[in-house]
Structures are given as structure tokens and as C-alpha cells.
Amino acid sequence: MTLHPIKLPKSSINLFRIVLLQKRLFKALADPALNPNDIDSTWVQGVWHRMDAEWVRKFCLGGQQSVLLPLKAIAAANLTARRALYDEFCKQNKVVEVLNTGGNFKNLSGLPGFTTQLANEVKKFFKRCYKLLSKDANRQWNGYEFNGNRCITNRSYKNDFCSDYPTKVVCPYCDGEIGTPELDHYLFKDGFPLLACSPWNLVPVCSSCNNVITAKGDRPAITIGSPNSADDWLHPFFRPASDQVQIKLNGTPQKSIPILDSPDATEQKRLTNHTKLIQSLSNRWTRKVGAYFDVLVTQVNERVHKNPGKSHYDFVQIRLEDHIIARGKTASSLIHAAVCQAVLNKRPGYVEEFANPNTPTLK
């Protein structure tokens with residue numbers, strides 16, 4: 001679901017460790033000999049025998065928010081349900097394999113032996129695991145610690161993720177400035193809780209793209225209904241938009257209609273879904289078209305005035321080439337390139353502003 005390819009930061013290895021800890025828990029919960037009455041911090045310590053005992057104790061704290069409560073509920077479920085949960089967890093976390101086979105992400109309530117109540121308990125556990133990525137001053141919680149030296153929190157992961165291009169400056173969803181990034185679940189955690197802590201499912205994006213009301217929010221980046229296919233969608237790591245994707249403009253600069261365009265029909269369907277998913281995207285791009293067009297007119301007219309032997313087209317072409325090179329490294333490069341291309345294509349409303357008594361008119 002990204003317009004630019006992104007890669008995992010080095011600290012993602014610690015998120016994979018969290019996923020491995022979860023896997024060990026659910027493997028233990030699928031044991032036919034499991035006694036639900038044994039589920040306590042000592043049991044968790046036995047499963048996570050390499051983790052610091054004090055850290056495990058704090059992990060299990062929380063009163064009504066304790067991770068032990070949903071674990072107890074899962075342990076009390078029938079063996080069929082517990083095994084199905086473990087199998088589905090293993091399957092979904094092999095993200096690239098699932099995507100390559102159509103993205104059949106099953107709903108928890110549809111797993112063998114599952115009830116709505118059991119599905120809710122599973123969601124509670126995974127949401128709690130994700131919430132514990134944040135620091136808790138009251139409990140002196142510092143995220144997930146490994147071997148006492150390595151620690152990962154929501155903030156540290158975002159900072160590490162955004163230390164390099166493109167996510168250092170560019171939001172991979174909208175191509176705009178990322179600002180203060182927010183971690184977005186590509187597949188929202190309420191619908192796909194098994195991937196709540198998966199590094200393949202966490203993407204740093206701008207707040208406008210993650211807005212609950214006007215943008216993506218909790219809307220699923222997947223085709224609803226069995227088999228929950230991901231075929232018609234981009235993916236932030238494994239299926240970003242290709243280099244041939246561009247933005248094309250219809251309408252005048254101040255009332256433009258920006259459209260993501262690809263010559264490939266399959267990719268075009270994914271681009272259309274991307275635009276529908278982030279509902280504020282088109283309006284934000286329209287505003288950026290108008291603002292940049294005014295800047296471009298001023299810059300180009302000034303250069304033509306200083307270089308009477310050059311045409312407006314010459315300088316617009318130069319700017320276009322600059323934006324193509326800056327793709328994925330400079331915010332709004334796709335929109336800026338689209339404006340330049342609209343001028344070069346002599347679209348109505350995009351050439352008149354360049355004509356003035358002191359400079360040659362476009363022909």
C-alpha cells in the first residue's frame with residue numbers, strides 16, 4: 001500500500017523476537033496436556049526461560065489489563081481451537097507466502113472451535129502485547145527488553161525506521177511530508193490481531209494518512225470476504241507501486257483531479273484501491289497542486305526573464321527531471337512532477353499563467 005519501496009530498520013529484529021515469544025506461548029497453549037489452572041507468571045517464565053524473570057513478572061502485571069486473563073481464557077478452550085490458533089498464527093506471520101497465494105487471512109471467529117468470546121480474548125492479548133511497546137512511567141515499564149541491553153519501544157522503533165530515506169522525510173502512503181510519524185498497522189489490529197506486532201505489518205506514516213475519520217484509520221487494506229484476498233492491493237514491503245506509476249492531472253490547477261496511473265491493468269486496480277482507502281488523499285493532492293503551480297509559475301517566469309533565449313518549456317522540463325530524480329526522497333515529488341507534465345502537455349489552465357508581456361508565450 002505504499003507509493004515508494006521501504007525496508008525494515010535494523011531494530012526490526014527485536015520485533016521479530018516479540019513475534020517469536022508469542023509463537024512460543026501459543027505453541028505451549030496448543031499442548032494437549034495443558035492445564036488451564038497452570039497459567040500464571042511462573043508458567044510464562046517457563047515458556048520464556050531465557051527472558052529476565054523480573055521482566056516477565058512485570059509483563060504479566062496489569063490487573064484487569066493483565067495478559068494472563070486472555071491467556072487463561074485461551075487455555076480453557078478446546079484443543080481444536082488452540083491448535084487452529086497456533087497454526088493460523090504461524091501462517092499469517094509468513095506474510096510474503098500468504099500474499100503470494102492470494103492473501104487468505106482468516107478471521108478468528110471462523111477458525112475451527114472458535115467462538116466470538118474466544119476471538120475477543122485473543123484480540124485482547126495481542127492488543128496488550130502491542131500496547132506494551134509503549135513506555136509506562138507508573139510501572140517503570142520500558143518496552144520489550146532482551147538480554148538486559150537491547151530494548152524496543154514504539155518511539156525507538158519509529159525513530160529508527162525514519163532515520164533513512166524514504167521514511168525520513170516522505171510518507172510512503174501519500175508522498176507528502178511525514179512530519180511526526182505514526183505507526184500504522186497495514187492490516188488493522190482489531191481485524192488482524194495476530195499481526196499486531198509483526199514488523200511486516202507496521203509502517204511509519206504521516207498523521208493525515210492514519211487519521212481515523214478522514215483517511216485510513218481502521219479500514220482494511222484487503223478485499224473483504226472469503227478469502228480476504230490481498231491480490232488487488234499494494235503492500236508496503238512486498239508490493240509497492242512500481243517506477244512506472246505516476247500522478248496525472250485533470251481539471252485546472254486550483255480544481256485539479258489527481259489520479260494515480262499505471263499502464264499495467266493489475267497495478268491500476270491496486271492504485272485505485274489505495275486512493276479509496278485513504279479517503280482524504282485526493283483533496284490533499286488537489287491543494288498541493290494549486291500551491292505548487294503558483295510557485296512554479298513564479299520560478300519559471302523569473303528564469304525566463306533572466307534568460308530570454310530560453311522558453312518556459314525549457315525550465316519546466318528541467319524542473320520535471322529534478323522531481324523525477326527526487327522521487328521518494330523529497331516530499332510531494334510525484335505531485336510536483338505531475339504539475340510540470342501538465343504544463344508540458346499544454347493542459348487548459350496550466351499554460352496561460354506563464355504568458356506575460358516580458359517573456360515569450362508558449363506555443
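Here's what I pulled together on the structure shown here. (Residues numbered from 1 in each chain as written. Predicted model: local features only at pLDDT ≥ 70, side-chain atom pairs only at ≥ 80, totals over all residues. Heavy atoms only, no water.)

**What about the overall build of the protein?**
To keep it simple, the criterion reads: Numbered from the N terminus, helices here are DSSP runs of H or I no shorter than four residues, and strands are runs of E no shorter than two. Any residue under 20% of the maximum accessible area for its type is buried, any over 50% is exposed, and the rest in between are partly exposed; the area is computed with a 1.4 Å probe on protein chains only. What makes two residues a contact is simply this: any of their non-hydrogen atoms within 4.5 Å. Per-residue and other accessible areas follow the Shrake-Rupley method at a 1.4 Å probe size, with only the shown protein chains counted as cover for residues.
Per the secondary structure count, the protein includes 12 helices and 8 strands. Its C-alpha atoms give the protein principal-axis dimensions of roughly 85 × 40 × 30 Å. Of all 363 residues assigned to the protein, the portion counted as buried reaches 51%. Within the protein, contacts between residues separated by at least 24 positions form 68% of all contacts whose residues are at least 6 apart in sequence. For the protein, the computed accessible surface area is about 17300 Å², with 50% contributed by carbon and sulfur atoms.

**Notes on the packing of aromatic side chains**
We apply this condition: For Phe, Tyr and Trp, where Trp contributes only its six-membered ring, two rings pair if their centres lie within 6.5 Å, and the inter-plane angle classes them as stacked under 30 degrees, edge-to-face over 60, or tilted in between. Whether a charge lies above a ring is judged from NZ of Lys or CZ of Arg, which has to be within 6 Å of the ring centre and within 35 degrees of the ring normal.
For the structure on display, the rule yields 17 aromatic pairs. A centroid spacing of 5.4 Å and a plane angle of 75° characterise the contact between phenylalanine 26 and phenylalanine 125, whose relative ring orientation is edge-to-face. You can see phenylalanine 26 sitting in helix 1 (residues 12-29) and its partner phenylalanine 125 sitting in helix 7 (residues 116-131), a full 99 residues away along the chain. When the centroid spacing of 5.3 Å and the interplanar angle of 75° are considered together, the rings of tryptophan 200 and phenylalanine 237 count as edge-to-face. Here tryptophan 200 is found in the loop between strand 5 (182-185) and strand 6 (202-205), whereas its partner phenylalanine 237 is found in the loop between strand 6 and strand 7 (246-250), with 37 residues between them in sequence. Given the relative accessible area of 23%, tryptophan 200 is considered partly exposed. Phenylalanine 237 gets classed as buried once you look at its relative accessible area, which sits at 12%. Among the aromatic residues, those joined into a cluster by ring pairs are Phe16, Tyr157, Phe161, Trp200, Phe237 and Phe238. The aromatic ring of tyrosine 165 is capped on one face by lysine 168, whose charged end is 6.0 Å from the ring centroid.

**Looking at the packing of helix 11 (residues 312-325) against helix 12 (residues 333-344)**
Keep this limit in mind: Lines fitted to the C-alpha atoms define the axes, with helices restricted to the stretch that makes contact. Angles between their N-to-C directions range from 0 to 180 degrees. Reported orientations rely on four angle classes, namely roughly parallel under 35 degrees, roughly antiparallel over 145, roughly perpendicular from 65 to 115, and oblique for the rest. Should the near helix be turned counterclockwise from the far one by less than a right angle, the crossing is left-handed, whereas a clockwise turn marks it as right-handed. Classes in brief: Ala, Val, Leu, Ile, Met, Phe, Trp, Tyr, Cys and Pro nonpolar; Asp, Glu, Lys and Arg charged; the others, Gly included, polar.
Their axes nearest at 9 Å, the elements helix 11 and helix 12 cross at an angle of 155°. Taken together, helix 11 and helix 12 sit at an angle that is classed as roughly antiparallel. For the element pair helix 11 and helix 12, the recorded crossing hand is left-handed. Listed contacts from helix 12 to Tyr313, Val316, Gln317, Arg319, Leu320 and His323 of helix 11 are Ser333, His336, Ala337, Cys340, Gln341, Val343 and Leu344. Its residues placed into classes, the contact of helix 11 with helix 12 shows 7 nonpolar, 5 polar and 1 charged.

**Points about the pattern of salt bridges**
Pairing between side chains of opposite charge can happen when the charged atoms of each approach one another. Formally: For salt bridges, the criterion is a side-chain nitrogen of Lys or Arg within 4 Å of an Asp or Glu carboxyl oxygen.
This structure, assessed with the given rule, holds 7 salt bridges. Between arginine 57 and glutamate 54 there is a salt bridge whose closest N-O contact spans 2.6 Å. Residue arginine 57 and its partner glutamate 54 are both found in helix 3 (residues 53-60); the two are separated by 3 residues, about one turn of the helix. On the basis of relative accessibility, which here comes to 38%, the residue glutamate 54 falls in the partly exposed class.

**Notes on the state of the cysteines**
The line we're drawing: Cysteine sulfur pairs qualify as disulfides if the two atoms are within 2.5 Å.
By the definition in use, this model includes 0 disulfides. Residue cysteine 151 stays outside any disulfide, its sulfur separated by 14 Å from that of cysteine 197, the closest cysteine. Classification of cysteine 151 by relative accessible area gives partly exposed; the value is 31%. Here cysteine 209 stays unpaired: no disulfide links it, and the sulfur of cysteine 174, its closest cysteine neighbor, is 3.7 Å away.

**Digging into the nonpolar core**
So the rule is basically this: As used here, the term nonpolar core means buried Ala, Val, Leu, Ile, Met, Phe, Trp, Tyr and Cys residues forming a set that is joined through side-chain atoms within 4.5 Å.
Counting 114 residues, the largest nonpolar core has Trp48, Phe59 and Tyr144 as the members making the most contacts within it. Setting aside residues up to four positions removed in sequence, tryptophan 48 forms contacts with Leu21, Arg24, Leu25, Trp55, Val56 and Phe59.

**Overview of the side chain of glutamate 267**
Filter applied, for reference: In protein, a polar contact means a hydrogen-donor-capable atom and an acceptor-capable atom, both N or O and within 3.5 Å, with residues adjacent in sequence counting only if both atoms are side-chain atoms; elsewhere, any N or O pair within 3.5 Å suffices.
In this structure, glutamate 267 sits in helix 9 (residues 265-277). Reaching out from glutamate 267, the side chain makes a polar contact with the side chain of serine 262 at a distance of 2.6 Å.

**A few points about helix 4 (residues 68-75)**
Put simply, the test is: Directions are taken from the helix axis to each C-beta atom, and the arc is the one they span.
Three or more residues of helix 4 are buried, namely Leu68, Pro70, Leu71, Ile74 and Ala75. Projected onto a plane normal to the axis of helix 4, the buried residues spread over an arc of 165° and lie on a single side. Among the structural elements, helix 1, helix 2 (41-47), helix 3, helix 5 (79-92) and helix 7 are those in contact with the buried residues of helix 4.

**Structural notes on the pairing of strand 8 (residues 257-261)**
Note the threshold: Should DSSP find at least two bridges between two strands, the strands are regarded as paired.
Side-chain alternation along strand 8 places Pro258 and Leu260 on a buried face and Ile257, Ile259 and Asp261 on a face that remains uncovered. Two strands pair when backbone bridges link them, and strand 7 and strand 8 are joined in this way by 5 bridges, in the antiparallel orientation. Each residue of the ladder has a partner; that of isoleucine 247, found in strand 8, is leucine 260. Adjacent in sequence and paired antiparallel, strand 7 and strand 8 are bridged by 6 residues, among which glycine 251 carries a positive phi angle near 80°.

**Brief notes about helix 7**
Definition in use: One less than the number of residues in a helix, times 1.5 Å, gives the span that helix is expected to have.
Helix length check: helix 7, at 16 residues, gives a terminal C-alpha distance of 22 Å against a target of 22 Å (1.5 Å per residue), a fit within 8%. For helix 7, the full list of buried residues reads Leu118, Ala119, Glu121, Val122, Phe125, Phe126, Arg128, Cys129 and Tyr130.

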